[in-house]
Amino acid sequence: MRIVQLSDPHIVPAAQQPVHGQDTLERLRAAVNAVNQLSPSPDLVVMTGDQINDGTEASYRAVKDVLTPLRFPCHMAMGNHDYRPVFRRVMLEEPEAASAPYYYALDRSGHRIIVLDTQDEGEVSGRLEDDQLDWLERELSSGLPSVICMHHPPVPVGVAWMDELILLDNARFLRICAAADTLHLILCGHVHHDFRMDLGHATVLTAPSVGLQFRKDPVIRPDGSRVIATDEPAAFRIVDIDGPRWKTSIHHLSL
Ligand SMILES: [Fe+2]
Ligand SMILES: [Fe+2]
């Protein structure tokens, strides 16, 4: 099974581009083209959060528009920049603008894909409430080889400013993962960088952003504000999974 992970596109409408100096809309459009031409084709695409930069309806409509030519099913996780009520109304076409967490699981080619919602509304860091962790525990007991997709990394990545902003209060999450020997991969976004952390039988991978990359060492301006973005090109992760075995690569775009 092949998964393409498009993470952190941080879309705003064309008239409001760029975002941190990059045209994130053009970059996502280029990524969709590249994904459509991959061989072998992906079975599915996951977008691991921060689909939009500003929580507005216009931005989600721009995401929807850019994704229209994508030839594969696309599943999304909530990031800290997402806004559930607008996401639900525009992207899921739900009649009510509900703010309930958006988490779900799907089975593909004998694997279970579990998509978590780590958004802690109003915070940059992430959190998982007990209801969702109870559900996760049940989903991981299926016996199928499993992959978790979530925005916030559940463990430190080794960069101080990023590690203040990952999944907080992760103890129960880690206990659940440790008990699930069918869990092999945890795919995350949020840090706009490619990191790998080993958690016993599972591996945590973070992805570069398909919109803009972050610096490990932010530049501090004279006024004290931080420059966190770089001008490196957009990129996405490809993961090929066969039961407990997997391999991965990063696909770099030219813009
Ligand atoms: Fe992000
Ligand atoms: Fe984020």
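Scroll up a little and you will see the structure.
Everything numeric here is computed off the predicted structure, so don't read it as measured data.

### Digging into the overall build of the protein
Okay, step 1: Across its full length, the protein carries 6 helices and 13 strands.
Okay, step 2: What you see for the protein is a C-alpha radius of gyration of 17 Å, in line with the 18 Å of a compact globule of 255 residues.
Okay, step 3: With the principal axes as the frame, the protein shows a C-alpha extent of 50 × 40 × 40 Å.
Okay, step 4: Put simply, the protein has 255 residues, and 55% of those count as buried.
Okay, step 5: Taking all contacts inside the protein whose residues are at least 6 apart in sequence as the whole, residues at least 24 apart take part in 66%.
Okay, step 6: With an accessible surface of roughly 10700 Å², the protein has 48% of that area assigned to carbon and sulfur atoms.
Okay, step 7: Taking the 23 positively charged and 35 negatively charged side chains of the protein as two groups, their mean positions are separated by 4 Å.

### Observations concerning the pattern of salt bridges
Okay, step 1: Under the defined criterion, the tally for this structure stands at 17 salt bridges.
Okay, step 2: Residues joined in a network through salt bridges with shared partners are D130, D134, E137 and R172.

### Details of the coordination of the iron ion (ligand 2)
Okay, step 1: Protein coordination at the iron ion (ligand 2) comes from D50 (OD), N80 (OD1), H151 (NE2) and H190 (ND1), with a distance range of 2.1 to 2.3 Å.
Okay, step 2: One can describe the donor arrangement at the iron ion (ligand 2) as irregular, given that its 4 donor atoms subtend angles of 86 to 161° at the metal.
Okay, step 3: Look at where the donors of the iron ion (ligand 2) fall in the sequence and you get D-x29-N-x70-H-x38-H.
Okay, step 4: Between the iron ion (ligand 2) and the iron ion (ligand 1) the interatomic distance comes to 3.4 Å, and D50 is a ligand of both metals. A residue pair is termed long-range when its members are at least 10 positions apart, and N80 in the loop between strand 3 (74-76) and helix 3 (84-90) and H190 in the loop between strand 7 (183-188) and strand 8 (195-199) qualify at 110 residues.
Okay, step 5: For N80, a relative accessible area of 17% corresponds to the buried category.

### Here we look at helix 6 (residues 171-179)
Okay, step 1: For helix 6, the full list of buried residues reads F173, I176 and C177. Down the axis of helix 6, the buried set is contained in an arc of 100°. They therefore lie on one face. Across from the buried face of helix 6, at angles greater than 90 degrees, the exposed residues are R175, A178 and A179.
Okay, step 2: On the buried face of helix 6, the contacting elements are helix 4 (130-139), strand 6 (146-150) and strand 7.

### Things to note about the pairing of strand 1 (residues 2-6)
In summary, the side chains of a regular strand alternate between the two faces of the sheet.
Okay, step 1: Across the 5 residues that make up strand 1, a large majority, 5, are buried.
Okay, step 2: Of the two faces of strand 1, the one carrying R2, V4 and L6 and the one carrying I3 and Q5 are both buried.
Okay, step 3: Of the strand pairs in this sheet, strand 1 and strand 12 (residues 235-242) are connected by 4 bridges, and their pairing is antiparallel. Counterpart to V4 in the pairing with strand 12 is I238.
Okay, step 4: As paired elements, strand 1 and strand 2 (residues 44-47) share 4 bridges and run parallel to each other. Within strand 2, the position partnered with V4 by the bridge is V45.

### Focus: the coordination of the iron ion (ligand 1)
Each angle at a metal carrying four tetrahedral donors should ideally be 109.5 degrees, and each at a metal carrying six octahedral donors should ideally be 90 or 180 degrees.
Okay, step 1: Donor atoms from the polypeptide that coordinate the iron ion (ligand 1) comprise D8 (OD), H10 (NE2), D50 (OD) and H192 (NE2), at 2.0 to 2.2 Å from the metal.
Okay, step 2: Here the iron ion (ligand 1) is ringed by 4 donor atoms whose angles at the metal span 90 to 176°, and the overall shape comes out irregular.
Okay, step 3: Coordination of the iron ion (ligand 1) draws on donor residues from a single chain, spaced D-x1-H-x39-D-x141-H in sequence.
Okay, step 4: With a relative accessible area of 4%, H10 lands in the buried category.

### Some words on the packing of helix 1 (residues 24-36) against helix 2 (residues 57-67)
Okay, step 1: Following both chains from N to C, one finds helix 1 and helix 2 inclined at 30°, their axes separated by 9 Å at the closest point. Taken as axis vectors, helix 1 and helix 2 run roughly parallel relative to one another. The two elements helix 1 and helix 2 meet at a crossing, and its hand is right-handed. Residues L25, L28, R29 and V32 of helix 1 form the contact with helix 2, whose participating residues are A62, V66 and L67.

How each quantity is defined
Residues numbered from 1 in each chain as written. Chains lettered and ligands numbered in written order. Predicted model: local features only at pLDDT ≥ 70, side-chain atom pairs only at ≥ 80, totals over all residues. Heavy atoms only, no water. Helix = DSSP H or I, 4+ residues; strand = E, 2+ residues; numbered from the N terminus. Rg over C-alpha atoms; globule rule 2.2 N^0.38 Å. Buried < 20%, exposed > 50% of the residue type's maximum accessible area, 1.4 Å probe, protein only. Contact = heavy atoms within 4.5 Å. Areas by Shrake-Rupley, 256 points an atom, 1.4 Å probe, with all protein chains shown as cover. Lys, Arg positive; Asp, Glu negative; His and termini not counted. Charge placed at Lys NZ, Arg CZ, Asp CG, Glu CD. Salt bridge = Lys/Arg side-chain N within 4 Å of Asp/Glu carboxyl O. Donors = N, O, S within 2.8 Å, 3.2 Å for Na, K, Ca; no water. Tetrahedral: all angles 85-135°; square planar, octahedral: opposite > 155°, others 65-115°. Arc of directions from axis to C-beta. Pairing = 2+ DSSP bridges. Axes fitted to C-alpha atoms, helices over the stretch in contact; angles between N-to-C directions. Parallel < 35°, antiparallel > 145°, perpendicular 65-115°, else oblique. Left-handed = near helix turned anticlockwise from the far one by under 90°.

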